[in-house]
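Summary of the model geometry
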Amino acid sequence: MHVLRVAVLAALLAIGSFFLLVGTVGLLRLPDVYNRMHATSKATTLGAASLFLAGAVYFGPEGPGLVSLVGIVFLFLTAPTGAHVISRAAHKMGVPFYGDADWPDPGREEQ
Amino acid sequence: MASELPAVLDTAVLAALVLASVLTLLASYRVIVGPTTPDRVVSLDTIGTNVVAIAILYAIQTGEGLFVTVSLVLAIIGFVSTIAVARFVTEGDIIE
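Residues numbered from 1 in each chain as written. Chains lettered and ligands numbered in written order. Predicted model: local features only at pLDDT ≥ 70, side-chain atom pairs only at ≥ 80, totals over all residues. Heavy atoms only, no water.

1. A look at the overall build of chain A
- Scanning chain A from N- to C-terminus turns up three helices and zero strands.
- In chain A, the order of α-helices and β-strands from amino to carboxyl end is α-α-α.
- Whereas a compact globule of 111 residues would reach a radius of gyration of roughly 13 Å, chain A reaches 18 Å, over 25% beyond that.
- Along the three orthogonal principal directions, the C-alpha set of chain A runs to about 60 × 30 × 20 Å.
- Considering chain A as a whole, with its 111 residues, one finds that 45% of them fall into the buried category. (Helix = DSSP H or I, 4+ residues; strand = E, 2+ residues; numbered from the N terminus. Rg over C-alpha atoms; globule rule 2.2 N^0.38 Å. Buried < 20%, exposed > 50% of the residue type's maximum accessible area, 1.4 Å probe, protein only.)

2. Examining the UniProt feature "transmembrane region" (unreviewed entry) in chain B
Residue and element names in this part refer to chain B.
- Per the UniProt record, the feature "transmembrane region" (unreviewed entry) sits at residues 12-29, 41-60 and 66-89.
- Helix makes up 100% of residues 12-29 and strand 0%, whereas the separation of the span's terminal C-alpha atoms amounts to 26 Å.
- The span residues 41-60 carries 100% helix and 0% strand; its end-to-end C-alpha distance comes to 29 Å. (UniProt positions renumbered as here; feature names shortened; annotations may be inferred.)

3. Digging into the UniProt feature "transmembrane region" (unreviewed entry) in chain A
All names here are of chain A.
- Per the UniProt record, the feature "transmembrane region" (unreviewed entry) sits at residues 6-28, 40-60 and 66-86.
- With 100% helix and 0% strand, residues 6-28 has its two end C-alpha atoms placed 33 Å apart.
- Split by type, residues 40-60 is 95% helix and 0% strand. Its first and last C-alpha atoms lie 29 Å apart.

4. Comments concerning the environment of Gly99 of chain A
- When you line up the elements, Gly99 of chain A lands in the segment after helix H3 (64-93).
- By relative accessible area, Gly99 of chain A is classed as exposed at 61%.

Following this line, the structure appears as structure tokens:
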């Protein structure tokens with residue numbers, strides 16, 4: 001295997017592991033369900049997308065590598081949608097905000 | 001096919017696998033003690049994404065391209081289940 005390809009693969013693996021670590025630390029440490037959702041939906045998506053990119057580099061442009069690229073597109077489409085749905089559900093359930101944060105405009109929801 | 005990987009890359013993939021597994025176990029803490037139901041849904045979603053990462057790391061480690069497909073299917077199942085649980089929490093049922 002070419003040395004440049006090995007270097008790119010190792011860098012992508014390191015970046016992906018780092019973002020997975022950041023996402024899980026945010027999930028464990030942040031005070032509020034909205035903050036936790038914010039941390040995990042961005043960082044974990046970036047980490048998994050970086051690992052998918054490592055798979056695309058490893059397997060080449062066809063076969064499993066192409067499936068990896070499709071996986072990146074799927075993650076970037078669905079992770080924000082899922083986080084938005086969860087936070088809407090939390091707000092509808094009446095989970096309070098942390099600190100003195102509040103809904104931006106209380107009348108806008110009903111419109 | 002695992003011997004095809006250079007030693008440096010083999011170590012890197014193994015370290016990433018161990019890290020992702022430990023993070024998945026740590027995220028289950030929030031599932032157990034999470035104060036509200038949305039907390040549990042968020043952490044289950046995180047566990048799903050971590051398992052996707054583990055599947056693709058395993059695909060790189062063994063050279064089996066099939067596990068990339070496995071990780072994509074796991075991502076799809078995780079998204080659908082997140083939507084379904086969030087809807088069940090607010091509406092009371094999924095399909096009325």
